[in-house]
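Descriptive analysis of the structure
So the chains spell out like this:
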Amino acid sequence: MSATPILRPSGGLTFRIPSLITTGGELTLLCDARPGADPTMDWQSIGGAMAEDLPNPNYLVLLRFDGETWSKPVRLPGTPRVCGDAASAGEELAYAASDQIGYFGSTLNGPRLEAWLAWGSDPMNLTHRRADELYEELRADAIFATSGSAQMLDDVAAFPYVVRRGESTEIRLVHVRAGQIEAMSQAITAPAPLDETAVCLTQTGTVLLSSRIQGHGGRFEAESSDGITFTEPRHIDLPDPGCNACFAVSSDTYFIHPHAHSRDNGAILRRRRDYETVHRLSPGEFGYSDAAWLGHDLIVVFEREGGLWMERVDARKLVV
């Protein structure tokens, strides 16, 4: 099935960083609404990765999908004025906020890229709070939960956080229940600096992390039985298109990964046990993405042409 648009650029806004929640057979999409960056702002000096990353005045919006049509976007209430990069699992939400500093300019003892948590059964009526204790416990200069990637482990949400101290980075899987941090994994490090991380729970009950190498090709993968203690990360030779990837688990574990070095060739679904290609999404620009199941359909939402698009994949066609 071909890709269809959900949100197109409008009124000076672009839409990025999809995060999907499935509750009661309905799909909820969270994403950034991003105004065009002020051309006079020196975004590099305040640690932005791109001009339209925080602290650009971004904000989170929400849409619902009934299986056929998407609702109009509404601003997520209860958040700080400037925020974005949501990750969600179950009734838990993590995101970043700052109107002063970007990720690369954030420091432990200065302006920070704030970590926020929210929780509740209705996404339009969540309780929100800053999670400054993450900075204090980890002694980090910057942290963020990987947008679009989180996993329920029983009744606890597990968020993969990228943790930066100076120029070094590590990954921590942070366990959250009702907005409170209950546990934190060991530090996951590799010979190369790790960045955005996808997480899933496989059919056999294994917690699987896959982290991209910052600025280079390849990924590192680690496994755990409890989400706390992980195996030594092993290198996976996959190309890096410069953005995140995501997992989808049904009768098998699938890995959704854009083509490398070109945002014009769509994305690949790979079977994780051998990373063999089992499906190619429709050609075209493909950026950050998230995926969720609705019945036999895998719903993949991804960035394209300044907006968000959707493609349905029939899981029965993935059996090889």
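What counts as what
Residues numbered from 1 in each chain as written. Predicted model: local features only at pLDDT ≥ 70, side-chain atom pairs only at ≥ 80, totals over all residues. Heavy atoms only, no water. Buried < 20%, exposed > 50% of the residue type's maximum accessible area, 1.4 Å probe, protein only. Helix = DSSP H or I, 4+ residues; strand = E, 2+ residues; numbered from the N terminus. Pairing = 2+ DSSP bridges. Core = buried A, V, L, I, M, F, W, Y, C linked by side-chain atoms within 4.5 Å. Contact = heavy atoms within 4.5 Å. Axes fitted to C-alpha atoms, helices over the stretch in contact; angles between N-to-C directions.

Section: the pairing of strand 16 (residues 207–213)
Within strand 16, seven of the seven residues are buried, which leaves the element mostly enclosed by the surrounding structure. Of the pairings in the sheet, the one linking strand 15 (residues 194–201) to strand 16 comprises six bridges and is antiparallel in character. Of the residues in strand 16, the one forming a bridge with C200 is L208. One ladder, built from six bridges, connects strand 16 with strand 17 (residues 219–224); its direction is antiparallel. Bridging across to strand 17, V207 finds its partner in S224.

A few points about the nonpolar core
If you look at the biggest cluster of nonpolar residues, it comprises 42 residues, and the most contacted ones within it are L134, I143, F159 and Y161. Sorting elements by how many residues they give to this core places strand 12 (residues 156–165) first, with six residues. Beyond its immediate sequence surroundings of up to four residues, I143 is in contact with Y103, L113, A115, L134, Y135, Y161, V162 and V163. In this structure, C31, L63, V301 and M310 belong to the second largest nonpolar core, which totals 20 residues.

Quick notes on unusual backbone geometry
For the bond running from L54 to P55, omega is 15 degrees, close enough to zero to count as cis. Summarising the element assignment, P55 is placed in the loop between strand 3 (26–35) and strand 4 (59–65). You will see that D154, though not glycine, has its phi angle at about 60 degrees, which is positive. Within the element layout of this structure, D154 appears in the loop between strand 11 (151–153) and strand 12. Using a relative accessible area of 76% as the deciding quantity, one classes D154 as exposed.

Remarks on the sheet that holds strand 19 (residues 246–249)
In space, the four strands of this open sheet follow the order 19-20-21-22, with antiparallel pairing throughout. The sheet terminates laterally at strand 19 and strand 22 (276–280), the two strands that pair on one side only. Pairs of neighbouring strands in the sheet enclose a mean axial angle of 30 degrees, with direction left out of account. Of the pairings in the sheet, the one linking strand 21 (residues 267–271) to strand 22 comprises four bridges and is antiparallel in character. The partner of R271 across the bridge, within strand 22, is E276.

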